[in-house]
Structure formats: C-alpha cells, structure tokens
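Understanding the architecture of this molecule
Here are the chains, one letter per residue:
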Amino acid sequence: MVRILFVALLFSLTGAQEVLASETKPGSHIITPIIITDTGGRTMNAERGFFFAPENRAAQKSRTIAIHFVRFPADNAVASRPPVFMLPGGPGVEKDFSNPSNFSWVKRLRRTRDVIYVSQRGNYLASKIVADMRVNMGTVALDQQYSPALASEKIRAAVEEAFDTWSSKGIDLAGYDILNIVDDVHDLRRSLGYNKIV
C-alpha cells in the first residue's frame, strides 16, 4: 500500500527510521512528490520514497529498515519500456541529481521509461534518517610518515570500533551485504508494480 507523506514532516522526525519501520511491513513503501532543481535552474518532477525491508533476510526475527529511493516517472504516460533501476557505485556513494550531467542523463532516459534510483542500505547521505554507518578513519599528523602498515592499523582499529558501536545499537551487520542489496532491488521492483527492469 502506498501512503503519501509530506516531506517536511518525514524529514523532521527524530528517529524517523524507527518510527516508520514500526508502522510498516517489509515489502511496502511510502512515497511523496518532490521537485529536483539542477545547478542551472532546470527543474524535474520526481518522487522520493522509502522502501521497507528486513535488515537481515536470513534472520527470522530481523527488524525492519527503511531504504531510500527516488523515482522519476516517464514523461510519456503510455511509455511501455521497462524501467531503469540506477544503483550507486561504491559504499557510501550517493548520486547528486542537482549535478547538470546527472540531471540531463535522467531527463533523457525518462522520455520513454521510469527511472528509479535506489540508495544502498545504511547510506546516511541518502536520506539523513537512517543510521550513520560511516567509518571514522581518524587523521594522520603531518609530521608522521604514512605507510601501508599505518594505514592497515588505522583501518583495523576504525572498523573494530565501528563494529562495536553499531552492534551495541542493535544493528545486524550481517544484513549489509550484496545479497541483501540485490534482494532490495527485486523487492522494490515488485512493490512498485514492475514486472521487469533494465
């Protein structure tokens, strides 16, 4: 079931992921209209949404998390081509649609099909309401010689600290892998009513 929420309300909620997830079932989504403006002043209608999925599909009693997405409906209402699902490149990367190049690319694609951009689960930059799962690598003093050994030591310490911090908050890190991300795309496709994607 699709529910329309006002963006201002949605993004002003404290602990919004927990509030939304407690009121929704895995496999459902909420969506609201938005207008995206690029740095040159061009505008494009879109829809911002959250899809709800189990944090870890392999765990029987997994909590529900929110996954951010943006849908750009096709300009042609009778467009029959399968939608394009766009995915970010690496962990922590988020697409900026105010960038004229990204804006133009989406505008061309949506002439004949819907375009859906799906953020990675756990990406704080995507929505500002999911848990901030970035790793703080710390800094290196200017007078300290940087080396692969030092880099390895800093990475190991940062990841161990992050693992302890996130686990203590009840985050099931086993759910943040490529298999769950693939299932997110498949389940969102089904929730939005698409039979096939490209």
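Just so you know, these numbers come straight off a predicted model, no measurement behind them. (Residues numbered from 1 in each chain as written. Predicted model: local features only at pLDDT ≥ 70, side-chain atom pairs only at ≥ 80, totals over all residues. Heavy atoms only, no water.)

Here we look at the confidence of the model for the protein chain
For the protein chain, per-residue confidence averages 82 on the pLDDT scale, and 80% of positions sit at 70 or higher. Taking the mean pLDDT of every element in the protein chain, the minimum, 37, falls on strand β1 (residues 2–4) and the maximum, 95, on strand β6 (residues 115–118). Scored below 50 in pLDDT, residues 1–15 shows 29 contacts in the model against residues more than four places distant or in partner chains. (pLDDT = per-residue confidence, 0-100. Helix = DSSP H or I, 4+ residues; strand = E, 2+ residues; numbered from the N terminus. Contact = heavy atoms within 4.5 Å.)

Examining the packing of aromatic side chains
Going through the model one piece at a time under the given rule, you end up with 3 aromatic pairs. With a centroid separation of 5.0 Å and an interplanar angle of 65 degrees, the aromatic rings of F72 and F97 are classed as edge-to-face. With F72 in strand β4 (residues 64–72) and F97 in the loop between β5 (84–86) and α3 (100–109), this residue pair connects regions lying 25 residues apart in the sequence. Considered together, F72 and F97 belong to a single accessibility category, that of buried residues. Taking 5.3 Å as the distance between ring centres and 80 degrees as the angle between the ring planes, the aromatic pair formed by F97 and Y117 counts as edge-to-face. One end of the pair, F97, is in the loop between β5 and α3; the other, Y117, is in strand β6, and 20 residues separate them in sequence. Judged by its relative accessible area of 6%, F97 falls in the buried class. Site record: aromatic cluster; members linked through ring pairs are F72, F97 and Y117. Over the face of the ring belonging to Y176 we find R121, whose NZ or CZ atom lies 5.7 Å from the ring centre. (Phe/Tyr/Trp six-rings, centres within 6.5 Å; stacked < 30°, edge-to-face > 60°. Buried < 20%, exposed > 50% of the residue type's maximum accessible area, 1.4 Å probe, protein only. Lys NZ or Arg CZ within 6 Å of the ring centre and 35° of its normal.)

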